[in-house]
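# Observations on chain architecture
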Amino acid sequence: MSFADLGLSDELLRAITDAGYSEPTAVQAAAITPVLMNRDLIAIAQTGTGKTASFVLPMIDILAHGRSRARMPRSLILEPTRELAAQVAENFEKYGKYHKLTMALLIGGVNMGEQVAALEKGVDVLIATPGRLMDLFGRGKILLTGCSLLVIDEADRMLDMGFMPDIEEICTKLPATRQTLLFSATMPPPIKKLADRFLTNPKQIEVERTGSTSLLIEQALVATTSRGKRATLRDLLKADDVRTAIIFANRKTTVRELAQSLQKDGLRASEIHGDMDQSSRIRELERFKSGDINILVASDVAARGLDIKGVSHVINYDAPWHPDDYVHRIGRTGRAGATGKAFTLVTDDDAENIANIEKLTKQTIPRVGAPKADLVADIAAAPEPKPADEPRGARRRGPERARPERAKPERAAAPRDRRDAPVARPAFASAPVEVAEPIAADADASWNGPVPAFLAARIAE
Ligand code: ADP
Ligand code: MG
């Protein structure tokens, strides 16, 4: 599927090429044609899947015909925050560069005088936050009776922010015959109700969470070993600018131990896992949301159904056994418009899991070298890490590397990506030699999820 197949004008296709997009995202591929055909639309797709262009592009072609009238914007886009509103305006500038469309932006912090002057003359597109719009409407500066296209973007965030009553009121002020487009990452009942009331026979698109990862999430695999995991995690937490992180582990015991170990290191960490009742999980979640703690160690089962979004980092301490868990986990990062990071620690045992994840998400996740690893021999033998082998922002380690307490197996340094460069085996017999932990021993009785088929087979062996 290419942009040219969607029915967009040549000018627009040129602007898209200039912007550097080669292919439409799933939501764009599904939404653009029905919107061009003036259908109402409900599009549900997670953050970072390209929803903005899925309405901005067809709107530019729709608005290319017809003229604006004084004080009567021809289309209205509602956004929950000024940042998102400004991003949409930028999108109109970028893709509308071969069209002559006029625009006004009603958000806090923007000089209203100029925007009101633009509205007085008449604009093709009005982008606004609901509060600002209601304010101006109350002062008689805008007429919404000429507005035949309405976009309610980021509806779930509008709901969270308490904008529903404003939106309902705005909807009643628009002409009944209009096109209405609603975009949201989720579809909770109040939004469903809003859609039932204000949309007419909408085309509904839902981009499956499963298999679609956000364009806004930077993903990387960090090579390590089962013994080196803790040290690698600590290094990641230090090296990257981690503000808020959810760390996923596959087993309850790991979740518990890891949270304790991070607390011992003085980090503000807590845990949620399947042995805790729902109210304790919610309590921990509240502490996390309020900033009381900034690291939450979680199991998949416990995190499911909890509303945790917009963290700066997701770290998979264990590569998930089920590929859709990967998509769920990393979907917790990447806030609207902001990039999140998802790191997955991988050992040689994870090759099959990773292959399944890459197959499902149709991508190759970049590999980065572990900041440190676990062989004493490497301390003596290894040269300074090459910058290219370190994750971005990793601290360079100076002479302190040789300090005695660093010579513990868990804390030693091996900068290389094991997949690319075999690590030198210890040159002396007494050095701890790495032994892969037997899988059966790992699969402890407290695992609370399903046992994947390949693992069950290996346990049975
Ligand atoms: P959403 O509204 O679904 O959260 P956005 O519309 O903000 O997502 O888009 C997320 C990011 O993806 C933006 O940086 C945008 O420039 C980029 N993007 C959108 N469409 C494409 C595309 N077809 N190809 C490549 N990148 C895209
Ligand atoms: Mg958006």
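To be clear, the structure that these remarks concern was listed above.
The structure contained in this document is the topic of the report that follows. Remember, predicted model here, so these are calculated numbers, not experimental data.

Turning our attention to the packing of helix α5 (residues 112–121) against helix α6 (residues 130–138). Running from amino to carboxyl end, α5 crosses α6 at an angle of 65°, the nearest separation of the two axes being 13 Å. Note on packing geometry: the crossing formed by α5 with α6 is right-handed. Here Met112, Val116 and Leu119 of α5 come into contact with α6, specifically with Arg132, Asp135 and Leu136. Split into classes, the residues belonging to the contact of α5 with α6 amount to four nonpolar, no polar and two charged.

With that settled, the discussion passes to the nonpolar core. By size, the foremost hydrophobic cluster in this structure holds 37 residues, and its most contacted members are Phe55, Leu57, Ile77, Phe92 and Ile127. Within the residue set of this core, elements represented by two or more residues are α1 (10–19), α2 (26–36), β1 (41–44), α3 (51–63), α4 (82–95), β4 (125–128), β5 (149–152) and β6 (179–184). If one sorts the elements of this core by residue count, α3 sits on top with eight residues. When neighbours within four sequence positions are excluded, isoleucine 127 is seen to be in contact with Ile77, Glu79, Ala85, Val88, Ala89, Phe92, Met103, Ala104, Leu105 and Leu106. By size, the runner-up hydrophobic cluster in this structure holds 34 residues, among which are Ile42, Leu144, Ile152 and Ile191.

In this section: the side chain of threonine 129. As for its placement among the helices and strands, threonine 129 is situated in the loop between β4 and α6. The exposure class assigned to threonine 129 is buried, which follows from its relative accessible area of 9%. If we ignore the near neighbours within four places in the chain, the residues touching threonine 129 are Glu79, Pro80, Thr81, Arg82, Leu106 and Ile107.

Of all six residues in β6, six are buried; the element is thus mostly enclosed. The two faces of β6 match: Gln179, Leu181 and Phe183 on one face and Thr180, Leu182 and Ser184 on the other face are all buried. Looking at chain direction, β1 and β6 are connected through four bridges and run parallel. Its bridge partner lying in β6, leucine 41 is registered against leucine 181.

Calculation rules
Residues numbered from 1 in each chain as written. Chains lettered and ligands numbered in written order. Predicted model: local features only at pLDDT ≥ 70, side-chain atom pairs only at ≥ 80, totals over all residues. Heavy atoms only, no water. Axes fitted to C-alpha atoms, helices over the stretch in contact; angles between N-to-C directions. Helix = DSSP H or I, 4+ residues; strand = E, 2+ residues; numbered from the N terminus. Left-handed = near helix turned anticlockwise from the far one by under 90°. Contact = heavy atoms within 4.5 Å. Nonpolar A, V, L, I, M, F, W, Y, C, P; charged D, E, K, R; others polar. Core = buried A, V, L, I, M, F, W, Y, C linked by side-chain atoms within 4.5 Å. Buried < 20%, exposed > 50% of the residue type's maximum accessible area, 1.4 Å probe, protein only. Pairing = 2+ DSSP bridges.

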